[in-house]
Amino acid sequence: MSILAAMVVPHPPVILPEVGRGEEKKIQPTIDAYQKAARLAAALNPETIVITSPHSILYADYFHISPGEHASGNFERFRAPNVKIEVDYDTDFVQTLADNAEVEKIHAGTFGERDASLDHGTLIPLRFLEQAGVDFSKVKVVRIGLSGLPNTDHYKFGQLIARTADQLNRRVVYVASGDLSHKLKHDGPYGYVEEGPAFDEKIMKYISEGDFLSMLTMDNKFCERAAECGLRSFWIMAGALDKKNVECQQLSYEGPFGVGYGVAWIGIKGDDPTRDFGKKLEAVKSKELGDRKAHEDEYVKLARLSLETFVKTHQPLSELPKDLPKEMLNDKAGAFVSLHKDGQLRGCIGTIAPTTDSIALEIVQNAISACSKDPRFSPVEESELGALEYSVDVLGKPERVFSMKDLDVKKYGVIVESKGRRGLLLPDLEGVDKVEDQVRIAMRKGHIPTSDSINLWRFEVVRHY
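Residues numbered from 1 in each chain as written. Predicted model: local features only at pLDDT ≥ 70, side-chain atom pairs only at ≥ 80, totals over all residues. Heavy atoms only, no water.

A. Fine view of the packing of aromatic side chains. Applying the stated rule across the entire model yields six aromatic pairs. Summarising the aromatic geometry, the rings of F63 and F157 are spaced 4.5 Å apart at their centres and angled 5 degrees between planes, so their arrangement reads as stacked. Of this pair, F63 sits in strand 3 (residues 63-64) while F157 sits in helix 5 (residues 151-168); the two residues are 94 residues apart in sequence, bridging distant segments of the chain. Overall, the relative accessible area of 0% leaves F63 in the buried class. Ring centres of F75 and F78 lie 6.1 Å apart, and the angle between their planes is 50 degrees; this geometry places the pair in the tilted category. As far as burial versus exposure is concerned, F75 and F78 are alike and both buried. Note that R114 overlies the ring of Y59, its terminal NZ or CZ placed 5.0 Å from the centroid. The ring of W457 carries the charged tip of R400 above its face, separated from the ring centre by 5.2 Å. (Phe/Tyr/Trp six-rings, centres within 6.5 Å; stacked < 30°, edge-to-face > 60°. Helix = DSSP H or I, 4+ residues; strand = E, 2+ residues; numbered from the N terminus. Buried < 20%, exposed > 50% of the residue type's maximum accessible area, 1.4 Å probe, protein only. Lys NZ or Arg CZ within 6 Å of the ring centre and 35° of its normal.)

Encoded structure:
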């Protein structure tokens, strides 16, 4: 056997009467749908429940699979310590999955356990399954955390889950635990952004239609603005259902507390080779890269050439390309080279003032530093080159200012100085909307205590994509 079905479920603690104490009645449609999905799962007589949870152990570059033979957890954090779940882990499944990941060079395994207790993103689905008749003295569990890796890696890891189920001949129900947007209401706990309800509408549409490619290719910045919780869990689920003929049902959706709760049931009716979304996703990414390269200007082309030459040969660019614009060869300026991969920062290094004889040489130098010397990241590997997006910021001359009123996060970058320490932040960065935040982040980058008095400079940039 293999994956029998999948269920998409939220995990608000308030959904349990022992926690909600009456508040759960405000999401009764979600409870009813949850119970229906759990009954459908129990009726399939699974041997193993594989569950991915955003609240299990999470690493930026690694999928954590919970180790050991047993695990338990309760709702003491939510004033309901008597609600407890105890499960046995499917150790054969865990080991085989980890071995498969190693063979396929997917960063996953059982190392790095920080907290062995079951998280609420796992406990709540297990509670509903238990109440629906799943006997956890007989049915085993595999708990998996999400990661900061790209959508392609999540999908491939889902494929490995299905492969493992096939190899072990396990009857598996996959549970994708995840809330949707946390920003649905002005009076909600996280406020409101227009991307919040738009995200929820899109994701429920894609899941209910089985349109996993659209779900996998949603704009990263749009999703971040929506403050979603479960998207990566759904990506893994899509991989676990790779090449399957699926029948999807949206059982409920609501968000009365300002957070989106969606419940869906995905049955499997056999195989469908056309639903190979992994290859389709790679094709989309390849086209996007080709389009980006076709529209890069000379500044970005030089940064890419410098970086790729260094990564491939371990040597800097030996000579500059011919026919560079005169200003790149004759002018001097500080410059920053920023790298992004799958919407996430992958490296950023620059110079406030010129340190070479031209802007072109500044870019060559800083592109190498961005891929190899940014202390926040490991050096860029050759296998990543095709996925990198570049931007180059050429800095204008810094101008001393004496009040934060003279700053503008969209127009000006900021330099903060105190007692010989300096921190810099570029302008117009995603998620930096207030001057106070811009200055605070620059201080943190410069290791400047918040109690210090500071001097401020502002500067403009010309940004090249």
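So much for the structure itself; the text now carries on.
B. Representation of the sheet that holds strand 1 (residues 3-9). Pairing is mixed in the open sheet, where six strands are placed in the order 7-2-8-1-10-9. Only two strands of the sheet have a single neighbouring strand rather than two, namely strand 7 (140-145) and strand 9 (244-254). Between one strand axis and the next, the sheet turns by 15 degrees as a mean value, whatever way the strands run. Pairing of strand 2 (residues 48-53) with strand 7 involves six bridges; the strand directions are parallel. Pairing of T48 across the sheet is with K140, part of strand 7. (Pairing = 2+ DSSP bridges. Axes fitted to C-alpha atoms, helices over the stretch in contact; angles between N-to-C directions.)

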